[in-house]
Amino acid sequence: MLLNRFLKISTIVCQNSGKIATRSITHYLRNNRYENHSASNGFLQTLPKVYSAKRSLFIKTQETPNPNSLKFIPGRTILEKGQTMDFPNIAAASCSPLSKMLFRIEGVKSVFLAHEFITVTKIHEDVEWKLLKPEIFATLMDFFATGLPIITEAKSKSEGDVAEEGEDDETVLMIKELLDTRIRPIVQEDGGDIVFMGFKDGTVKLKMQGSCTNCPSSVVTLKNGVQNMLQFYIPEIKNVEQIEDELEIITKAEYEKLTKKLKEKELKEKEQQSQENVSQVEK
């Protein structure tokens, strides 16, 4: 009776764009052992200590310009202010226990961490958010209950750190200042980030991260937004160019090949079916 009563009143609530989704504590009971102890004064049940930790976690979600990316705001600090980390695949997430757990969810393509939010990008449009979100909610709640660090100390250098090595001239310093104060805060509101990768012969090289990666409006953002602003303050800038990882280029090419094969296969099956229908009519 005590256990049943506990199950009814103990739920973890996630706030999702005005909708309330509840996750019963039974999830934990199925995955954690609890002991029944008999006592002279009655029946006593002792539940794991994990339940006495944070019983409620409010997670908000926010849509981004990229329909394949969604922001998750757990109401707590993820990284230091101004810091971001992008993990395009599970191999790159070796320094982040949280990101590795999210990558175990089928359908997750990439994970992006910022000061107060996490952006998760799904592999393609066929994967529905209504199926992914409950798993992501559960993973986030389970992770924060463990108390593990979001980022381990043995983290590798990010591309942004590598790009900033060495002394910068006045133009590069101005570009970085504009990016950090005028552009990156706006982009981060949409669940992504822009990393400075270099400046040569009037061309600024930038890398899009988070929801900005493969976003349909990323080209417009670069040309009409970033490039125009940089050129207004720094006349030396002639062009803004987006840099892609070699792995991203290969993945995109392989995806296009697979899509082409599937379409050819579907067309072939339709032709065969049509021929069979004609044969049956002739008979």
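Structure first, text after, so check above.
Draft legend 1. Region of interest: unusual backbone geometry. Of note, D201 is a non-glycine position whose phi angle comes to about 55 degrees, a positive value. Looking at where D201 falls in the secondary structure, it is placed in the loop between β10 (192–200) and β11 (203–210). For D201, a relative accessible area of 66% corresponds to the exposed category.

Draft legend 2. The pattern of salt bridges, seen in detail. Throughout the structure, instances matching the rule amount to 3 salt bridges. Here R184 and D180 are joined by a salt bridge, their closest N and O atoms 3.1 Å apart. Of the two residues, R184 and D180 both sit in helix α6 (residues 170–189), 4 residues apart, roughly one turn of that helix. Classification of R184 as buried rests on a relative accessible area of 16%. Among the residues examined, D180 registers a relative accessible area of 42% and is labelled partly exposed. In this structure, R184 and D193 form a salt bridge, with 2.8 Å as the shortest nitrogen-oxygen distance.

Draft legend 3. Structural view of helix α4 (residues 129–146). Helix length check: α4, at 18 residues, gives a terminal C-alpha distance of 25 Å against a target of 26 Å (1.5 Å per residue), a fit within 8%. Within α4 the residues assigned to the buried category are W129, L132, K133, I136, F137, A138, T139, L140, M141, F143 and F144. In the segment just after α4, G147 is the residue with positive phi, at about 80 degrees.

Draft legend 4. Spatial organisation of the side chain of S211. Along the chain, S211 falls in the loop between β11 and α7 (218–233). Leaving out residues up to four positions away in the same chain, S211 has contacts with T64, N66, S69, T119, D190, G191 and G192.

Draft legend 5. Structural context of the sheet that holds β11. Read from one edge to the other, the open sheet built from 3 strands follows the order β10-β11-β12, with strand pairing classed as mixed. Looking at strand neighbours, the two that pair on one side only are β10 and β12 (239–242), the edges of this open sheet. Across the sheet, the axes of successive neighbouring strands diverge by a mean angle of 30 degrees, strand direction being ignored. Relative to β12, β11 runs parallel, the two sharing 4 bridges. When the sheet's bridge partners are listed, V204 is paired in β12 with V240. Packing against the sheet, α6 makes contact with β10 and β11, and its axis sits at approximately 165 degrees to β10. The sheet strands contacting α7 are β10, β11 and β12, and the helix crosses β12 at an angle near 145 degrees.

Draft legend 6. Structural context of the packing of aromatic side chains. The tally for this structure, following the rule as stated, stands at 4 aromatic pairs. The interplanar angle of 40 degrees and the centroid separation of 6.2 Å between the aromatic rings of F112 and F117 together place this pair among those described as tilted. Considered together, F112 and F117 belong to a single accessibility category, that of buried residues. If you follow K71 out to its NZ or CZ, it ends over the ring of F117, 4.3 Å from the centre. Over the aromatic face of F144 sits the side chain of R76, whose NZ or CZ is 4.6 Å from the ring centroid.

Draft legend 7. Representation of the environment of G75 within the structure. Counting through the fold element by element, G75 comes out in the loop between β6 (69–73) and β7 (85–87). G75 gets classed as exposed once you look at its relative accessible area, which sits at 68%.

Draft legend 8. Spatial organisation of the sheet that holds strand β5 (residues 60–63). If you trace the 5 strands from one edge of the open sheet to the other, you get β5-β6-β9-β8-β7, paired in antiparallel fashion. On the outer flanks of this sheet lie β5 and β7, each paired with one strand and no other. Between one strand and the next, the sheet's axes are offset by a mean angle of 20 degrees, whatever the strand orientation. Pairing analysis gives 5 bridges linking strand β8 (residues 108–113) to strand β9 (residues 118–122), with the strands arranged antiparallel. When the sheet's bridge partners are listed, V108 is paired in β9 with K122. Here α4 sits on the sheet in contact with β5, β6, β8 and β9, set at roughly 30 degrees to β6.

What counts, and where the lines are drawn
- Residues numbered from 1 in each chain as written.
- Predicted model: local features only at pLDDT ≥ 70, side-chain atom pairs only at ≥ 80, totals over all residues.
- Heavy atoms only, no water.
- Helix = DSSP H or I, 4+ residues; strand = E, 2+ residues; numbered from the N terminus.
- Buried < 20%, exposed > 50% of the residue type's maximum accessible area, 1.4 Å probe, protein only.
- Salt bridge = Lys/Arg side-chain N within 4 Å of Asp/Glu carboxyl O.
- Expected span 1.5 Å × (residues − 1).
- Contact = heavy atoms within 4.5 Å.
- Pairing = 2+ DSSP bridges.
- Axes fitted to C-alpha atoms, helices over the stretch in contact; angles between N-to-C directions.
- Phe/Tyr/Trp six-rings, centres within 6.5 Å; stacked < 30°, edge-to-face > 60°.
- Lys NZ or Arg CZ within 6 Å of the ring centre and 35° of its normal.

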